[in-house]
Amino acid sequence: MDTAVSIARRCGMVLPEDELVCVEPTCDGRDIEYRSIASRKRLDSGQNGHCSGHVKSAVVDVRSEVKEQRRVYAMTGESFRMMRDQYKRGDNSKNHRGVSVFDDMLVRGVVFARMGPGQKKELVEDLQSLGYCLCMCGDGANDCEALRAADAGISLSKAEASVAAPFTSQVADIRCVPTLIREGRAALVTTFSVFKYMAAYSLIEFTTVLILYTLNSNLGDRQYFYIDLVVVLILALVGERTEAYKGRLDKKSPLSSLVSFPVLFSLLSQIAVQIFLLTLTYKYLESEPWFTPLVQVINTENTKCYETTALFCLCSFLLINVSVAFAEGAPYRSPMYTNGLYVGSVIVLYLITAYITLWPANFVADFLELEVPSSLTFRVALVEISILGLVLSYIIDRWVISSNALKQLCGKLWSNPTPRYVAVENEIRNREM
């Protein structure tokens, strides 16, 4: 126990101003005694140096002695078992702070020494029941049960523990934990970004086709090929290669649910902007003096017309825009510009789409079934509208979504339940003030 306490102090788990109380069984193994590590004095209500009768009464007296100082606990496996057994039997006693004694010990416990395999697993499960997300590091066979029970189990050796743990570290210390957190957060954010991009891609293309269907027209096969396999596939593949953020770990974890207000608001607002730009382009095209409406031919696909060409070019631009908007950077992923392959792909695709829009060669126009507008001003306007869409998409996902006003609105409309450990910690802190 003394070795564990010394390491905890050196690691900063126990601060100099904290009062560390050691919870240990008495010599006869029937009761529990409390002693301050700093003063080496036993803290109890009796005069024999141990609690008299029940764990509950001793803990209540111990906690009431010093109210203004933050108190943390160190305990052995045997004392943890005794307290847990009493708690599981239905003794939900409260201390002077109005908090369950066992919950208080779990929240303020910093050192758990000399614990058996089953006790380690029980500790992990009890902390999870309070709402904690648990990471367990172990290097032996006695850690296997806890490694399996934890949300993230890391084996620090390639022996027995590596079989039970989902992750195995190449170095035999806990330096791997921040790396695992960074990579896990980056993987989660990347997954959400890809989901939003694929959803936006489907709805943008659906809107384009829907407008053309009202004209008895549609995108050509080669236009679908360019959108689906050139623009979308390339951006989806290279966009996920952005590495995890290398800076300081953020205190707040990323969103863990797709059905959350920020995710849905981001997706729906982006789709609304793209639908507005597609509709604006179509109306602008109709207002041009040189514009000739589509003459429908029976038993013909009617793909080569001004409407299809304009919406195809703009749709390609918009799909690049939303990919850039959804490419989140710090604090969970590295900035977008660090992914050279992605930045290069965005630039090349934008230039290719601009070439198709502004000055396509005859063989390119024939291959993609384009009816190139005679007005260069209109073609330049398509590029300008796409740049406007890029600016709007970027502002929505970088400034509006992260604004304090939206976060407050999100908290009112979409509040998540508070974990039990937060309520316990707040109650303890309020009583200590």
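These numbers come from a predicted model, not from an experiment. (Residues numbered from 1 in each chain as written. Predicted model: local features only at pLDDT ≥ 70, side-chain atom pairs only at ≥ 80, totals over all residues. Heavy atoms only, no water.)

### Quick notes on the overall build of the protein
Defined as follows: Runs of E in the DSSP output that reach at least two residues are strands. Runs of H or I that reach at least four are helices, and both are numbered from the N terminus. Pairs of residues are marked as contacts when any of their non-hydrogen atoms sit within 4.5 Å. Only the protein chains shown count as cover for residues, with accessible areas throughout obtained via the Shrake-Rupley method and a probe of 1.4 Å.
Helix and strand counts for the protein come out as 16 helices and seven strands. Within the protein, contacts between residues separated by at least 24 positions form 67% of all contacts whose residues are at least 6 apart in sequence. Put simply, the protein shows about 22,100 Å² of open surface, and 58% of that area lies on carbon and sulfur atoms.

### Focus on the pattern of salt bridges
Test applied: A pair is scored as a salt bridge if a Lys or Arg side-chain nitrogen falls within 4 Å of a carboxyl oxygen belonging to Asp or Glu. For each residue, the accessible area found with a 1.4 Å probe, counting protein chains only, is set against the maximum for its type, and the residue is called buried under 20%, exposed over 50%, and partly exposed in between.
A full pass over the atoms with the stated rule returns twelve salt bridges. In this structure, Arg84 engages Asp126 in a salt bridge whose closest nitrogen and oxygen atoms are separated by 2.6 Å. Of the two residues, Arg84 sits in helix H3 (residues 77-88) while Asp126 sits in helix H5 (residues 117-129), which places them 42 residues apart along the sequence. For the pair shown, Arg84 and Asp126 are each scored as buried. The partner of Lys196 in a salt bridge is Glu328, and the shortest N-O contact between them spans 3.7 Å. Of the two residues, Lys196 sits in helix H8 (residues 176-213) while Glu328 sits in the loop between helix H11 (306-326) and helix H12 (340-358), which places them 132 residues apart along the sequence. On the accessibility criterion, Lys196 (5% relative accessible area) is buried. Exposure remark for Glu328: the relative accessible area of 27% places this residue in the partly exposed category. Here the residues in one salt-bridge network are Glu78, Arg81 and Asp85, joined through shared partners.

### Concerning the sheet that holds strand E2 (residues 32-36)
The cut-off we apply is this: Strand pairing is defined by DSSP finding a minimum of two bridges between the two strands. Convention adopted: a line fitted to C-alpha atoms gives each axis, helices being fitted over their contacting stretch, and angles between N-to-C directions are expressed from 0 to 180 degrees.
Taking strand neighbours across the sheet as the criterion, the four strands line up as E2-E1-E3-E4 in an open arrangement whose pairing is mixed. At either margin of the open sheet sits one strand with a lone partner, and together these are E2 and strand E4 (109-113). Recorded for the sheet is a direction-independent mean angle of 20 degrees between the axes of neighbouring strands. Sheet topology places strand E1 (residues 19-25) next to E2; five bridges connect them, and they run antiparallel. What sits directly across from Pro25, in E2, is Ile32. Strands in contact with helix H1 (residues 2-11) are E1, E2, strand E3 (71-76) and E4; relative to E4, the strand with the most contacts, it is inclined by about 145 degrees.

Structural measurements only, silent on function.
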